[in-house]
Number of protein chains: 2
Amino acid sequence: MTVLHSTFTLERTYPVPPGQVFAAWADPATKARWFGAGEGHELDFRVGGRELTRGRTPDGKPLAAASTYHDIVRDERIVYTTTLTGGDVLATVSTTTVELVPDGEGTRLVLTEQDTFLDGAEEPAWREQGTGDWLAKLGKELAGGLSGPSGSAEG
Amino acid sequence: MTVLHSTFTLERTYPVPPGQVFAAWADPATKARWFGAGEGHELDFRVGGRELTRGRTPDGKPLAAASTYHDIVRDERIVYTTTLTGGDVLATVSTTTVELVPDGEGTRLVLTEQDTFLDGAEEPAWREQGTGDWLAKLGKELAGGLSGPSGSAEG
């Protein structure tokens, strides 16, 4: 049995104001587009609310991320904890803080994640890479690229 | 609005085997003796189970620690997340890993806590001090000192 603890911070700048970035986290349909893993996404975006995202590992095992929202400050901050389970095995427990800071016409997003990795089922480098990947998808969503040529009906 | 992230690790050695240390975390009556803050303690010690501890701040405000257990390996490991709320204000979100390692006749306990501190309501030094205080109380409990002269009926 092993446990590994690590923390990383990613910063990204998006060319839209904080309210628009916040809405992409708060609206279930929008979040599913850029964050959903393709096999189901449920989001109850309020303090105490839960989020469940289902996907597959590269070798086909079911993967489930279950989050609980602890702190939500509109247009400014979101804090949630997540457990990631692959097959029946708990891989990680994490706390993620997302801060949105006005930056000229746009928004600087600062994401800090504290991860507890259990028994080597997941690795810090994979997690940081994966998080960077979905922040890139968020960027495409905010540029209108994920909602299709006809635009989004959700907002 | 501020957010501060920090991680600390405390190590303690107790002169009893891991099974006895584990039991002091798992049994609600025993845990209440060394961990309970005096105004209520509820513990449902299983994966997905919750713990609620009520107390007071030094200036009399209600304090509530609510934990969820994510990983329990008998006699070896416990992982839980906790929110600490003072008055109506969320102060911290944390993940705590407790590892129990046989050490001769006794047990080495390694506690690692990853803390997210919101808006300065709590401070890293206080948290580490407080955690050290209750690990000292655990030591007294394991030495029979908190269960009274007639000993504990719970075990």
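### Topic: the side chain of Thr116(B)
- As for its position among the elements, Thr116(B) is in strand 7 (residues 106-118).
- Classification of Thr116(B) by relative accessible area gives buried; the value is 0%.
- Side-chain polar atoms of Thr116(B) contact the side chain of Gln114(A), separated by 2.8 Å.
- With near-sequence residues (within four places) excluded, Thr116(B) lies in contact with Thr95(A), Thr97(A), Gln114(A), Val3(B), Leu4(B), His5(B), Ala91(B), Thr92(B) and Val93(B).

### Quick word on the interface of chain A and chain B
- On the side of chain B, 25 residues touch chain A, which itself brings 25 residues to the contact.
- Summing both partners gives a buried area of about 2,000 Å² for chain A against chain B, and 60% of it is carried by carbon and sulfur.
- Among the residues chain A hides against chain B, the three largest losses belong to Met1(A), Arg77(A) and Gln114(A). Together they make up 29% of the total.
- If you look at where chain A meets chain B, you find two salt bridges.
- Among the ionic pairs, Asp119(A) bridges to Arg77(B), the shortest N-O distance being 2.9 Å.
- Summed over the shared surface of chain A and chain B, the number is ten residue pairs in polar contact (both at pLDDT 80 or more).

### Description of the packing of aromatic side chains
Residues and elements named next belong to chain B.
- Scanning the model with the defined rule gives 18 aromatic pairs over all chains in all.
- Look at phenylalanine 22 and phenylalanine 45: their rings are 5.7 Å apart centre to centre, the planes differ by 75 degrees, and that puts the pair in the edge-to-face class. In this pair, phenylalanine 22 is assigned in helix 1 (residues 18-26) and phenylalanine 45 in the loop between strand 2 (41-43) and strand 3 (50-56), connecting sequence segments 23 residues apart. Residue phenylalanine 22 shares its accessibility class with phenylalanine 45, and that shared class is buried.

### Let's talk about the side chain of Thr112(B)
- Within the element layout of this structure, Thr112(B) appears in strand 7.
- A polar contact is formed between the side chain of Thr112(B) and the side chain of Thr9(B), at a distance of 3.2 Å.
- When near neighbours in sequence (up to four residues on either side) are disregarded, Thr112(B) contacts His5(A), Thr7(B), Phe8(B), Thr9(B), Thr95(B), Thr96(B) and Thr97(B).

### A closer look at the packing of helix 1 (residues 18-26) of chain A against helix 2 (residues 28-35) of chain A
Residues and elements named next belong to chain A.
- For the pair helix 1 and helix 2, the least separation of the axes is 5 Å and the interaxial angle reads 85 degrees. On the basis of their axis angle, the class for helix 1 and helix 2 is roughly perpendicular. Residues Ala24, Trp25 and Ala26 of helix 1 pack against Pro28, Thr30, Lys31 and Trp34 of helix 2.
- For the contact of helix 1 with helix 2, the residue count by class is five nonpolar, one polar and one charged.

### Examining the environment of Thr92(B)
All names here are of chain B.
- Tracing the sequence through the fold places threonine 92 in strand 6 (residues 89-103).
- For threonine 92, a relative accessible area of 0% gives the class buried.
- Look past the residues within four positions of threonine 92 in its chain and what remains in contact with it is Thr82, Thr83, Leu84, Thr116, Phe117, Glu122 and Arg127.
- In this structure the side chain of threonine 92 is engaged in a polar contact, spanning 2.5 Å, whose partner is the side chain of arginine 127.

### Details of the sheet that holds strand 4 (residues 62-73) of chain B
Residues and elements named next belong to chain B.
- Read from one edge to the other, the open sheet built from seven strands follows the order 1-7-6-5-4-3-2, with strand pairing classed as antiparallel. Only two strands of the sheet have a single neighbouring strand rather than two, namely strand 1 (3-14) and strand 2. Taken over all neighbouring pairs, the strand axes of this sheet differ in orientation by 20 degrees on average, direction set aside.
- Note that strand 6 and strand 7 share twelve bridges and pair antiparallel. By the bridge assignment, threonine 96 is partnered in strand 7 with glutamate 113.
- Where helix 2 (residues 28-35) meets the sheet, it contacts strand 2, strand 3 and strand 4, and its direction lies at approximately 140 degrees from that of strand 2.

About the criteria used
Residues numbered from 1 in each chain as written. Chains lettered and ligands numbered in written order. Predicted model: local features only at pLDDT ≥ 70, side-chain atom pairs only at ≥ 80, totals over all residues. Heavy atoms only, no water. Helix = DSSP H or I, 4+ residues; strand = E, 2+ residues; numbered from the N terminus. Buried < 20%, exposed > 50% of the residue type's maximum accessible area, 1.4 Å probe, protein only. Polar contact = N/O pair within 3.5 Å; in protein donor to acceptor, adjacent residues only side chain to side chain. Contact = heavy atoms within 4.5 Å. Buried area = accessible area lost by both parts, 1.4 Å probe. Salt bridge = Lys/Arg side-chain N within 4 Å of Asp/Glu carboxyl O. Phe/Tyr/Trp six-rings, centres within 6.5 Å; stacked < 30°, edge-to-face > 60°. Axes fitted to C-alpha atoms, helices over the stretch in contact; angles between N-to-C directions. Parallel < 35°, antiparallel > 145°, perpendicular 65-115°, else oblique. Nonpolar A, V, L, I, M, F, W, Y, C, P; charged D, E, K, R; others polar. Pairing = 2+ DSSP bridges.

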